[in-house]
Amino acid sequence: MLPSRFRRMIAPALRTLLLTLLAIGPAMAQGQQPPNREFTVQNETDLILRELYVAPPNAADRGPDRLGADTVAPGANFRVRLGRTRDCVFDVTAIYGDGTEEARRRVDLCRNQRVVFGDPGLPTLDVTVANRSRMVLRELYASARGPSAWGPDRLGATVIEADSEFRMRLRSRDCVFDVRAVYEDDREEVKERVDLCANRAITFDRSTLPRPPSRTLVFLNRHVSTVQEVYVSASTESDWGPDRLGTTTLPVGGESTTAVEGECEMDIRVVFPNGGAEERREVDICANPRIVLRPGWVAMEELDDGSAATSSTGATRVRNAGRLPVVEIYAAPPGAPRGEDRLGADILPIGESVEVGPPDANACAADLVVVFRDGREVSRLGVDLCSGEEIEVR
Amino acid sequence: MKKTLLACAITAALALPATAQGVPERLRGAWFAGDCADPTAMLVMTGRAAARVEAEAPARLVRFRETRELSGWTFATGVGAEAPRLLYRAADEGLETIEPEAKTRDDRLPGDARPSVWRRCPATPPLLAALHGEGIAFLAALEHLEAACGSGTPGACATAIVQQGDISGDSLLSVAEVARLVRGASWVVAAQEGSTQDVLFGAVGIGGLAGVVTARLLMDSVDYDGDGKISAGELGTDAANFARATGTPAGTPLRTQGLTESAGMLRGLVDGLLGR
């Protein structure tokens, strides 16, 4: 018991406090904060859960991605915090790595604080998929119900680089699957009825793909310089691929044969020892199995040898008898603009000659302009470029 | 094909006019790009030539045919079918150079090409010295030979050859001294062809392998007094014998090939020098 003197001292204060509490009690009850709403999302699918949206039913806007910069891996959980709200019922939408969506409508998060995507009762198959080809494997599909139901791309946003592996996770009671790989060049390889329960590894190496037709392409160097490197690749490809000459070079007057696999339309690039390069795109190598590399070949109508034809009709050669290299040669119909430099990236060294064909297959007359390295120009107007003569410039 | 190129290179090297201007004394010698302990490239300026070697890129040797002033630069044009060019000028305690693209016209130089910057180093890294020392020494010697052989003074050319090749100081050329000339000539020709460093090394190696054999064959054909050495008199008396001294190829194909090239090279050199 408190001493009576002390009771007398604090009694008024206690009375005041009690009255105050009685007065503000109802007000506090009326303004009570709503609870923090949280729930757990459980990813029991075999795909990465990339985005998650939680919004009131039928809301026009499903709000922000609740995962932010995170993702939910197959088999993993994620705690979603919605903040303070009295609302209980929401639509929960998941977007997977392959872009597919799955929605749970009108989920009562007050009564059930766990939302599961996928079936946790399904067994998990972890399969190692190896790409032993030289090409990037871009898409991967697995179906237990045949080719009509390939389902999502199991790689999502990733790819399997050449000579690399990927761990594919499947949630299924099935064991036998068709597995389909799509490569960077859009070609497909399918392994049918593979028992992934018995064998947890599968390899793609393009060995089952029908080989594309192989064509022989001949390069003749009629340039004034050795060709150091030659590249040929399909016009649809972004990479030039390997140097077709390997460790060798293609000397002036030389000939080189290379086997090219694929379609007819190819891009061709040649590199000279001085680092200069010439390219011609979308060459029909089926129609032109012989490519004569000569000054101006990148713009010439005729790519094939033509040497037989031109020698019989007498192709004209221009010889540099000057004391400096020739850096540009132009040959155009009389009176017409000069057109392209016939030497391309090349030069005509001192003492050497180069074949200069007529600007038009049906017209031999041309105005010839030769530019020496010091800028001096030598013109020969109205020359016959089919005469077979050698024109000496100095 | 290779032999033709070698002959061309030597012929071109000997075709220098005597009126070519020289590189100033203070700019001659070895210059380096990058760290002195591990330079990315080396540029050697002699009286009338510039040789650039680097680890990955082909070597470049420009033997100046003529030089002139161009907007604060010295514009040098080299010998050869492509008439290679080099612009150089002294910079702050260093040297700047521009090697124009083959297609660039002279009247558009120096243009906006970015100069290479070179500096002196306290010493040449041992590997570079081992790889290129004899070749650069021969390059410098060749300029002396060209000067002497172009003078027209009787006997001056043969004397100059002996002087430049003579290491021991006895005014005679021994087998080892002739072999050294062969190795140096191999380097110059390979550099003029734009060989990479490994090819330069190989050229000097093959030159060294066959150089001794070549030197012995030359010795046998020129050493009239049988003292095992070549004097200026013996060299000048019978240059034709020297030129025919390729002898009989022997040994493995590699050695025969190296021998033929080396002998042809020295034959071309001596023929060219004595015949001018």
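Residues numbered from 1 in each chain as written. Chains lettered and ligands numbered in written order. Predicted model: local features only at pLDDT ≥ 70, side-chain atom pairs only at ≥ 80, totals over all residues.

Moving on to the overall build of chain A. On a plain count of helices and strands, chain A comes out with two helices and 24 strands. Burial statistics for chain A: of 394 residues in total, 27% are counted as buried. Restricting to contacts in chain A with at least 6 residues of sequence separation, those with at least 24 account for 64%. (Helix = DSSP H or I, 4+ residues; strand = E, 2+ residues; numbered from the N terminus. Buried ≥ 20, exposed ≤ 12 C-beta atoms within 10 Å, placed from the backbone. Contact = placed C-beta atoms within 7 Å.)

Moving on, we come to the sheet that holds strand E21 (residues 353-356) of chain A. All names here are of chain A. Strand order in the open sheet formed by three strands is E21-E19-E24, and the pairing between neighbours is mixed. Where the open sheet ends on each side, the last strands, each with one partner, are E21 and strand E24 (390-393). Shown here is a sheet whose adjacent strand axes are inclined to one another by a mean of 25°, direction ignored. Pairing geometry for strand E19 (residues 316-320) and E24, over four bridges, is parallel. Following the sheet pairing, Arg319 is matched in E24 by Glu392. (Pairing = 2+ DSSP bridges. Axes fitted to C-alpha atoms, helices over the stretch in contact; angles between N-to-C directions.)

Here we take up the nonpolar core. Formed by 49 residues in total, the largest nonpolar core has its most connected members in Ala51(B), Phe138(B) and Val188(B). When we break this core down by domain, the ones giving at least three residues each are domain 1 (18-119) and domain 2 (126-275) of chain B. (Core = buried A, V, L, I, M, F, W, Y, C linked by C-beta atoms within 7 Å. Domains from an automatic or database assignment.)

Moving on: the interface of chain B and chain A. Listed per partner, the contact involves nine residues of chain B and 14 residues of chain A. Each residue belonging to the side of chain B that touches chain A can be placed in one class, and the counts come to three nonpolar, one polar and five charged. (Nonpolar A, V, L, I, M, F, W, Y, C, P; charged D, E, K, R; others polar.)

All names here are of chain A. When strand E13 (residues 214-221) meets strand E15 (residues 255-261), the two strands line up antiparallel, connected through seven bridges. What sits directly across from Ser214, in E15, is Glu261. Sheet analysis places E13 next to strand E18 (residues 290-293), joined by four bridges and oriented parallel. Paired with Leu220 across the strands is Val292, a residue of E18.

Next up on the list: the sheet that holds strand E10 (residues 176-183) of chain A. Residues and elements named next belong to chain A. Pairing is antiparallel in the open sheet, where three strands are placed in the order E8-E10-E11. Single-partner strands in this sheet number two, and they are strand E8 (137-143) and strand E11 (188-195). Taken over all neighbouring pairs, the strand axes of this sheet differ in orientation by 15° on average, direction set aside.

Turning to the confidence of the model for chain B, a few remarks are in order. All names here are of chain B. On average, residues of chain B score 71 in pLDDT, and 66% of them are at 70 or above. Note that pLDDT drops below 50 for residues 1-20; the model gives that stretch 43 contacts with residues more than four away or on any other chain. Taken together, the stretch residues 238-263 has pLDDT below 50 and engages in 44 contacts with residues farther than four places along the chain or on a different chain. (pLDDT = per-residue confidence, 0-100.)

Residue and element names in this part refer to chain B. Following both chains from N to C, one finds helix H2 (residues 126-149) and helix H3 (residues 156-165) inclined at 165°, their axes separated by 8 Å at the closest point. Considering the angle they form, H2 stands roughly antiparallel to H3. In this structure, the crossing between H2 and H3 has a hand that is right-handed. On H3, the residues touching Ala141, His144, Leu145, Ala148 and Cys149 of H2 are Ala156, Cys157, Ala160, Ile161 and Gln164. (Parallel < 35°, antiparallel > 145°, perpendicular 65-115°, else oblique. Left-handed = near helix turned anticlockwise from the far one by under 90°.)

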